[in-house]
Every structure is written in structure tokens, then in C-alpha cells.
Amino acid sequence: MPWTRVNGVELFHEVVGEGEPLVLVHGSWTDHHGWQGVVPRLARSYRVMVYDRRGHSQSERPPGQGRRTEDEDDLAALIEILGAPAHVAGNSFGAATALGLAARRPELFRTLTAHEPPLMGIVADNPELQPLMQATQRNIDAVLVALRAGQDRAGAERFVEDVAFGPGAWAQLPEPVRETFVANAPTFADEQADPDWGTVDLTRLSRYTGPTLLTRGTESPPWFPVIIDKLAGALRQAELRTLEGAGHVPHLTHPDTYVDNLAAFLAASTPHP
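Residues numbered from 1 in each chain as written. Predicted model: local features only at pLDDT ≥ 70, side-chain atom pairs only at ≥ 80, totals over all residues. Heavy atoms only, no water.

Residue-level account of the overall build of the protein, with values.
In terms of helices and strands, the protein carries 11 helices and 8 strands. A compact globule built from 273 residues should have a C-alpha radius of gyration of about 19 Å, and the protein, at 17 Å, falls within 12% of that. Along the first, second and third principal axes, the C-alpha set of the protein runs to 55 × 45 × 35 Å. The burial tally for the protein puts 51% of its 273 residues in the buried class. Charge centroids of the protein, computed over 23 positive and 35 negative side chains, lie 4 Å from each other. (Helix = DSSP H or I, 4+ residues; strand = E, 2+ residues; numbered from the N terminus. Rg over C-alpha atoms; globule rule 2.2 N^0.38 Å. Buried < 20%, exposed > 50% of the residue type's maximum accessible area, 1.4 Å probe, protein only. Lys, Arg positive; Asp, Glu negative; His and termini not counted. Charge placed at Lys NZ, Arg CZ, Asp CG, Glu CD.)

Pulling in residues and values, what's your account of the sheet that holds strand E7 (residues 212–217)?
Hydrogen bonds between backbone groups are what pair the strands of a sheet, and the pairing can be parallel or antiparallel. In space, the 8 strands of this open sheet follow the order E1-E2-E4-E3-E5-E6-E7-E8, with mixed pairing throughout. Each of the sheet's edge strands pairs with one partner strand only, and the pair in question is strand E1 (3–6) and strand E8 (238–243). Averaged over neighbouring strand pairs, the angle between their axes works out to 25° when direction is ignored. As defined by bridge partners, strand E6 (residues 109–115) adjoins E7 across 4 bridges and the pair is classed as parallel. When the bridges of E7 are listed, Ala114 appears paired with Leu214. The strands touched by helix H11 (residues 255–269) within the sheet are strand E3 (20–25), strand E4 (46–51), strand E5 (86–91), E6, E7 and E8, with E8 carrying the most contacts at an inclination of about 160°. (Pairing = 2+ DSSP bridges. Axes fitted to C-alpha atoms, helices over the stretch in contact; angles between N-to-C directions. Contact = heavy atoms within 4.5 Å.)

Please provide a residue-by-residue account of the nonpolar core, values included.
By size, the foremost hydrophobic cluster in this structure holds 41 residues, and its most contacted members are Leu75 and Leu231. Counting only elements with at least two residues in this core, the list comes to strand E2 (9–16), E3, E4, helix H2 (68–82), E5, helix H3 (93–104), E6 and helix H9 (223–234). Excluding residues within four positions of it along the chain, Leu75 makes contact with Val23, Val25, Tyr51, Val88, Thr97, Ala98 and Leu101. Counting 19 residues, the second largest nonpolar core, distinct from the first, contains Leu42, Val50, Leu243 and Val259. (Core = buried A, V, L, I, M, F, W, Y, C linked by side-chain atoms within 4.5 Å.)

Explain H9 to me, using residue names and the numbers behind them.
The α-helix winds at 3.6 residues per turn, so residues separated by three or four positions along the chain end up facing the same way. If you check H9, its first and last C-alpha atoms are 17 Å apart, about what 12 residues at 1.5 Å a residue would give, namely 16 Å. Of the residues making up H9, those classed as buried are Trp223, Phe224, Ile227, Ile228, Leu231 and Ala234. Taken down its axis, H9 places every buried residue within 135° of arc, on the same side. Lining the buried residues of H9 we find H3, helix H4 (130–148), helix H8 (202–205), E7 and E8. (Expected span 1.5 Å × (residues − 1). Arc of directions from axis to C-beta.)

In C-alpha cells form, the structure reads like this:
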């Protein structure tokens, strides 16, 4: 069945392929469809699970204020269902979720891959980044004003154009993608209301000693390299890679580049008889 009940919530998921388990964790606004450009290649070598995080698309949206730790607990349950330890790769908020779980349950991970987790809290004291992050936060605050007023479409459009991709980008998105953004808009507001959404305990994270791939795109905002470097300082087996020409969602915009790097890392991290 494509739905599994974990932690009191029905989660939609799909599993394809054969081999070692690999879980892909999507970011905010989107859902499991965001991985469709990379799953076929990955499924040639791995048993790949994609899923809709709680509050997204086909998964249940529980009432009340949520926390990222609930997403982490969901991911832990899915890893155990698929078969622990597992390879885990996350993008954006999904990467933050994977890192948060690795800090709490390192034994669940065979490897960890994180692309540009928006952990602004761990670089909040960086004086060079502060003006840029403050400007971006003002744009996010404007998005949240719209969402909390029930203007989900307006908020989603504003996020796409003022935060994520730039002016005119909303009209260029396929209609199904726009509708996914609108449907998942309330969960973005919920995530932003979690006081701990943008940070991770680096001391606890250092207890994860498995292979880690940290990636960033050359076209992404300048705080991501600083975040990646901060994380690399806490992770003992961290490998850093820069994806040329890519931005915040390389599995969407540069799927071959993303898979080439992820597959090479996974192959090098897997013991051979």
C-alpha cells in the first residue's frame, strides 16, 4: 500500500528498484514528484523510497503547530520500514530534517547526503551574511503575511518570485507545480513557526561518524557555502562537492549532474566484498 501510518500520521510513499535502501527527502512546498527526474537512474542500483512529508500533498496534515523533530521521527520510522541502516539524501528542508535525525539517531544511516540545508541559525553570527539574510527574511515575512491571511496562491507566487527563483518565474512553472506549491503553502508557514527549524545541534551531529556528502550549487545564495563549511567542521567524514551551474534544487534543474555526484559518492562509500 502506498500509505503508511507512522507517529499517528498517514504518509504517502513509493518504493522502486532493488539493492541497498535509499530514502530521498524533499524540501518545502514540493513533494515526492520532485525526485522523478533522478529516481529511474538511482533505482537501477538501490531500493529507492520517495515520500510526501507530513502536511505535503498526499500525506496527512495534522492540526496544530508542528516541529521539525516530527519530520525527523517520520523519517526514522520510514528508514526502519525500508531497512536500516539506509542511505539518506535530502534537499533543502529535507536536508535539514536528515541532518537533525542523524544528530539524534546516527545508527539509522548508512550514508548521509545533504544539499543546501537552510540552517541559517548556525551562521546567524556571521557579519558578512547578516544583511543578505535579513533582506531574504523580510521577503519570507511578506510571504508569511499572505499565507496567514489565507492567500495561499499569492504567498506561493511571492515565494517563487521574491525568494526562490526571481521575477517572472511563477508564470514559467508548469501548472501542476504551481498547484503543488499552493496546496503545500500552509505547511511552509507551519515550518517557519517552529523556533528550531533553522538550526541543528552541531555537537550532537558530530556523533554521526558515517560517510557524508555535502553539496551546494554555484548559482545559490552565498550563505549556503558558509553553512556547508560549518557542517563539515562537525562531521568527521564529510565530503564537499560544488555542482556547477546548479542552484538550490539540482535534482530538478540538473538531474544528471545530481545523480552523477550522488551515485559516485554512494558507490565509493559502499564496502565491496
